[in-house]
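So the chains spell out like this:
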Amino acid sequence: MKDQTMRDERNGARALFARLPKKELGFFPTPFYRLDRLSEELGVNLYVKRDDFTGITLFGGNKVRKLEYLLGDAAAKGCDTAITYGATQSNHAMETAAACRRCGIRPILYLTAVVPPDERDVRANLLLDKILGAEIHIVDILEGETEEDAEARSFGMGAEQAARLTAEGHPCYDIPMGGASVIGSVGFAEGFLELQEQMDAMGLEADYIFHSTGTGGTMAGLAAGRVLAGSRAKIISVSASPKEEAAYLKKVQGLADEVLGLLGSPLRVDPADLHLDTGYYAPGYEIPNEASSEAIRLLARTEGLFADPVYTGKALAGLLDYVKTGRVPQGSSVVFWHTGGATALFAEPAILGDLFKS
């Protein structure tokens, strides 16, 4: 009876999403399975949620979950153009360009040169952006500016162009960096319910879920979805870049609660259930470290599965360290939410570091 009640509650939660406009872009559910060899080596039951298979292309990864709702909203508002932001090797920016092409919407990208690209040797996501025919604006980090300063300048430039295009009769939809808005984060609340359904079918209850977090939209969506699913899993969000923890967690909680409110749910997220770890990104965003490189090699050499040096490699390094230090006890059931981004394996050498060593 209890199991049936839980299923009924989760079916009711699923129904909440039907009220929002949506473009069907991804391939769902994404695969979910046990990593047998790595589980044996670590002494935990390790599963992977393969959101690197989200679509619509072979590249990029998880942001399509957000873009289904973002571009659904854009289409409902009659927009024929969309602007978004990121670094030059941004997975989100490339996936936005691809999804826009699928929807007949013109993509415009403002890309901060965290790692300056070489126009004579265009690589990875930036190459795909160009093949997609996106309008690309490279925003250099000027002398005396921080990365955040340059990003803020790119937001201003994008907002000006959006206003101009809208005034000229081309309604423009402004998508925040990483798709980290309430509408975008809805996609990951839905994603958590998808994962819960897969675990229910396997008779599995996760103790821990690890994922990489950047702009916070994925983290917020998963937190909201966890509440809707009635899950007891502890979500560990491993940062891919420096964060001011208190402000970031407040932002994520607010975004998660907005997701629940938009869906019409009376539930809210308990701040105590948000767990951010900033201990694995150093020395910086898009800058490799040895623990991440070792984690990528371990996953590849035990399971034939690739993580990337910017996001998933650092999240995996965090997971491995939690197991090694006992913060995840032996025998635990652990999910690694693979958010994709393997195109970074073909990016500039400054992003790869010594990943290729034996």
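Parameters and conventions
- Residues numbered from 1 in each chain as written.
- Predicted model: local features only at pLDDT ≥ 70, side-chain atom pairs only at ≥ 80, totals over all residues.
- Heavy atoms only, no water.
- Buried < 20%, exposed > 50% of the residue type's maximum accessible area, 1.4 Å probe, protein only.
- Helix = DSSP H or I, 4+ residues; strand = E, 2+ residues; numbered from the N terminus.
- Pairing = 2+ DSSP bridges.
- Axes fitted to C-alpha atoms, helices over the stretch in contact; angles between N-to-C directions.
- Parallel < 35°, antiparallel > 145°, perpendicular 65-115°, else oblique.
- Contact = heavy atoms within 4.5 Å.
- Nonpolar A, V, L, I, M, F, W, Y, C, P; charged D, E, K, R; others polar.
- Phe/Tyr/Trp six-rings, centres within 6.5 Å; stacked < 30°, edge-to-face > 60°.
- Lys NZ or Arg CZ within 6 Å of the ring centre and 35° of its normal.

A. Region of interest: the pairing of strand 10 (residues 333–338). Taking burial as the measure, the six residues of strand 10 include six buried ones, the bulk of the element. By the alternation rule, side chains of strand 10 split into Ser333, Val335 and Trp337 and Val334, Phe336 and His338, which are all buried. The pairing of strand 2 (residues 45–50) with strand 10 spans six bridges and is parallel. When the sheet's bridge partners are listed, Asn45 is paired in strand 10 with Ser333. Summarising the sheet, strand 7 (residues 208–213) and strand 10 pair through three bridges and their orientation is parallel. Looking at strand 10, one finds that Ile209 is bridged to Val335.

B. Quick peek at the packing of helix 10 (residues 290–303) against helix 11 (residues 312–324). One way to put it is that helix 10 packs onto helix 11 with a least axis distance of 8 Å and a crossing angle of 85 degrees. Our classification of the angle between helix 10 and helix 11 gives roughly perpendicular. Two secondary-structure elements touch here, helix 10 through Ala291, Ser292, Ala295, Ile296, Leu298 and Leu299 and helix 11 through Gly313, Lys314, Leu316, Ala317 and Leu320. Classifying every residue of the contact of helix 10 with helix 11 by side-chain character gives eight nonpolar, two polar and one charged.

C. Quick peek at the pairing of strand 2. Strand 2 sits mainly inside the fold: five of its six residues count as buried. Sheet topology places strand 1 (residues 32–34) next to strand 2; three bridges connect them, and they run antiparallel. Looking across to strand 2, one finds that Tyr33 is bridged to Val48.

D. Seen up close, the environment of Ala162. Mapped onto the fold, Ala162 is located in helix 6 (residues 147–167). The spacing of Ala162 and Leu260 is 98 residues in sequence and 29 Å in space, taken between C-alpha atoms. Apart from the residues lying within four places of it in its own chain, the contact partners of Ala162 are Ile83, Cys172 and Asp174.

E. Quick peek at the sheet that holds strand 5 (residues 135–139). An order of 5-4-3-6 is seen for the four strands of this open sheet, with the pairing classed as parallel. Either end of the sheet is taken by a strand with one partner, and the two such strands are strand 5 and strand 6 (172–174). Each strand of the sheet is rotated relative to its neighbour by a mean of 20 degrees, with strand direction disregarded. Contacts from helix 4 (residues 91–103) reach strand 3 (81–87) and strand 4 (106–112), with the element oriented near 170 degrees to strand 4.

F. Broad picture of the packing of aromatic side chains. Inspection of every chain in the model, using the stated rule, returns six aromatic pairs. Residues Phe32 and Tyr47 carry aromatic rings whose centres are separated by 5.6 Å and whose planes lie at 20 degrees to one another, so their mutual orientation is stacked. With a gap of 15 residues between them, Phe32 in strand 1 and Tyr47 in strand 2 connect regions that are remote in the sequence. Grouping residues by exposure puts Phe32 and Tyr47 together as buried. Relative to Trp337, the ring of Phe188 has its centre 5.9 Å away and its plane inclined at 50 degrees; by these criteria the two rings are tilted. Here Phe188, found in helix 7 (residues 182–202), pairs with Trp337, found in strand 10; they are 149 residues apart in sequence, far enough to count as distant. On the accessibility criterion, Phe188 (0% relative accessible area) is buried. Note on Trp337: relative accessible area 0%, which makes it buried. Connected via pairs of aromatic rings, a cluster forms that spans Tyr85, Tyr110 and Phe155. A cation over an aromatic ring shows up here: Arg65 above the ring of Phe188, its NZ or CZ 5.9 Å from the ring centre. A cation over an aromatic ring shows up here: Arg327 above the ring of Tyr322, its NZ or CZ 4.0 Å from the ring centre.

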